[in-house]
Amino acid sequence: MKEMRKPLMLVLALILAFSAFRLVRGGLDYRRGDQDYAEAEALAGLEALPGLPDPTPVPTAPAAEGEAAAPGETPAVYVDPYAEALKNMDFAALREVNPEVLGWILIPGTRISYPLVQGADDEYYLNHTWRGSRSAVGAIFVEAQNSADLSDFHTIIYGHRMNNGSMFHSLASYQDLSYWQAHPYVYITDDSGSRKYEIFAAYEAGVTTPTYRLGFSTQIGKESFLEHCTTSSVIETGVVPTVYDRILTLSTCTGNGHATRWVVQAVCRGERPAEETPAPVETPAPAEELPQGETGMAAGEEPAAADPADRPEVQNSEVPQSEPVVQPTEAPQPTQAAPPPLQETEALPTASGDAAPEEPLLPPEAVTGERE
């Protein structure tokens, strides 16, 4: 019995030492991440953002019927405080540190306020911050297959869900409608300006479902995608996107394994194309009139009785049916790689597909105890 105690105590000591090492390392990762992102905010000039008011516009009372505006009076125009604050961001300063910075992502009232980056693949920023420091915190990054200007119909953005509440941790709260009501908007600012997205869905999505599909070539495909998103949502927002809008998917881990992710989706309104003007209907020319009293028959000629054989047959309650209309089917889409499985509770997909690689992208020692 005594001979077994020493090996057992040694094993326990190693376990305690390893756990302590991971806790220390996790703390260092959090500290490094906090420092890197605080530096990003300082370079971008965003220290004043926490004091801004609610971005939801307050409707003004309409003028009474028949009441004219006062001479020289300028109608009130709503100015979004966040769009106004974000429009003067200094992206040049951020790109001096990292040229892969695309812009900035912000959800007012949450901790989600980070530089937005895009790498050559979807692996590097899983364990590197925006400035390239190696850290399990990672970065908020755009799917590598998406356009850098976010002009695609569907754009995916990934981020870890960290235990200290940073990165995309706040997304899990959107399973409650009250949280959505308090934080309904996502802002993305880049060189072209600030875009305001309205959140319309939140749910747990499989990595091989249409949620992660990219590259739409037909309107039917877009409609099917939007129906999948809206019907999958666990909250009823009443926000209905259309095929003319741009869809943003924010994706993070669930803590339930590698097969699913938690997503929050938002819409940036687009412009519906102008309706085509219908061609004018041509009015047939009137038939040549005969002089009054002329019928085109000889004098005294009686009109011939209609031959029953010349009458079209009419079936009782039966109307000839036209050929069935075949709805156009969507052109086949190129197969995309499935989101790579990461260590549980920090899995970040990359794109839709049929199968996922078996090897995790992060070493085990960089995971446990650092993310949910």
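I will try to describe carefully the structure that is included in this document. Throughout this description, residue numbers start from 1 for each chain and increase along the sequence as written. With the structure being a predicted model, the display of local features is reserved for residues of pLDDT at least 70 and the display and counting of side-chain atom pairs for 80 or more, all residues being used for whole-chain, interface and lining totals. Remark: hydrogens and water are excluded; side-chain values derive from all non-hydrogen atoms of the structure.

**Things to note about helix H5 (residues 219-232)**
Thinking step 1. The helix and strand labels rest on DSSP assignments: H or I over at least four residues marks a helix, E over at least two residues marks a strand, and numbering proceeds from the N terminus. Any helix carries an expected span of 1.5 Å times its number of residues minus one. Taking 1.5 Å of rise per residue, 14 residues should cover 20 Å, and H5 covers 20 Å from first to last C-alpha, within 8% of that figure.
Thinking step 2. Exposure classes here rest on a 1.4 Å probe applied to the protein chains alone. A residue is buried below 20% of its type maximum, exposed above 50%, and partly exposed in between. Looking only at H5, the buried set comprises Gly221, Phe225, Leu226, His228 and Cys229. Around the axis of H5, the buried residues are gathered within 155° of arc, so they sit on the same side. Among the exposed residues of H5, those oriented more than 90 degrees off its buried face are Glu227 and Thr231. Arc, as used here, means the arc of the directions from the helix axis to the C-beta atoms.

**Focus on the environment of isoleucine 107**
Thinking step 1. Take isoleucine 107: it is sitting in the loop between strand S1 (101-106) and strand S2 (113-117).
Thinking step 2. Distance from isoleucine 107 to tyrosine 185, taken between C-alpha atoms, is 6.2 Å for residues 78 residues apart in sequence.
Thinking step 3. Residue contacts are defined here by distance: any two heavy atoms, one from each residue, within 4.5 Å place the two residues in contact. Not counting chain neighbours up to four residues away, the residues in contact with isoleucine 107 comprise Ile112, Leu171, Tyr174, His183, Tyr185, Val186 and Leu250.

**Regarding the environment of arginine 195**
Thinking step 1. Tracing the sequence through the fold places arginine 195 in strand S6 (residues 193-206).
Thinking step 2. Measuring from C-alpha to C-alpha, the distance between arginine 195 and alanine 83 comes to 7.7 Å, with 112 residues separating the pair along the chain.
Thinking step 3. Aside from chain neighbours lying at most four places away, what touches arginine 195 is Asp149, Leu150, Val186, Tyr187, Ile188, Asp190, Arg246 and Cys268.
Thinking step 4. Here aspartate 149 takes part through its backbone oxygen, which lies 3.1 Å from a polar atom of the side chain of arginine 195. Polar contact criterion, stated in full: a pair of N or O atoms within 3.5 Å, where within protein one must be able to donate a hydrogen and the other to accept it, and residues adjacent in sequence count only if both atoms are side-chain atoms.

**Comments concerning the pattern of salt bridges**
If the charged atoms of two oppositely charged side chains come close together, the side chains can form a pair.
Thinking step 1. For this analysis, a salt bridge means a side-chain nitrogen from Lys or Arg found within 4 Å of a carboxyl oxygen belonging to Asp or Glu. Enumeration according to the criterion identifies 6 salt bridges in this entry.
Thinking step 2. Two residues, arginine 131 and glutamate 39, come together in a salt bridge whose shortest N-O distance is 2.6 Å. Taken together, the residues arginine 131 in the loop between S2 and strand S3 (140-142) and glutamate 39 in helix H1 (residues 2-44) connect sequence positions 92 residues apart.
Thinking step 3. Judged by relative accessible area, which is 33%, arginine 131 ranks as partly exposed.
Thinking step 4. The shortest N-O distance in the salt bridge between arginine 269 and aspartate 245 comes to 2.8 Å. On the criterion of sequence distance, the pair formed by arginine 269 in the segment after strand S8 (260-268) and aspartate 245 in the loop between H5 and strand S7 (246-252) is long-range, its members being 24 residues apart.

Purely spatial values, then, with no claim about function.
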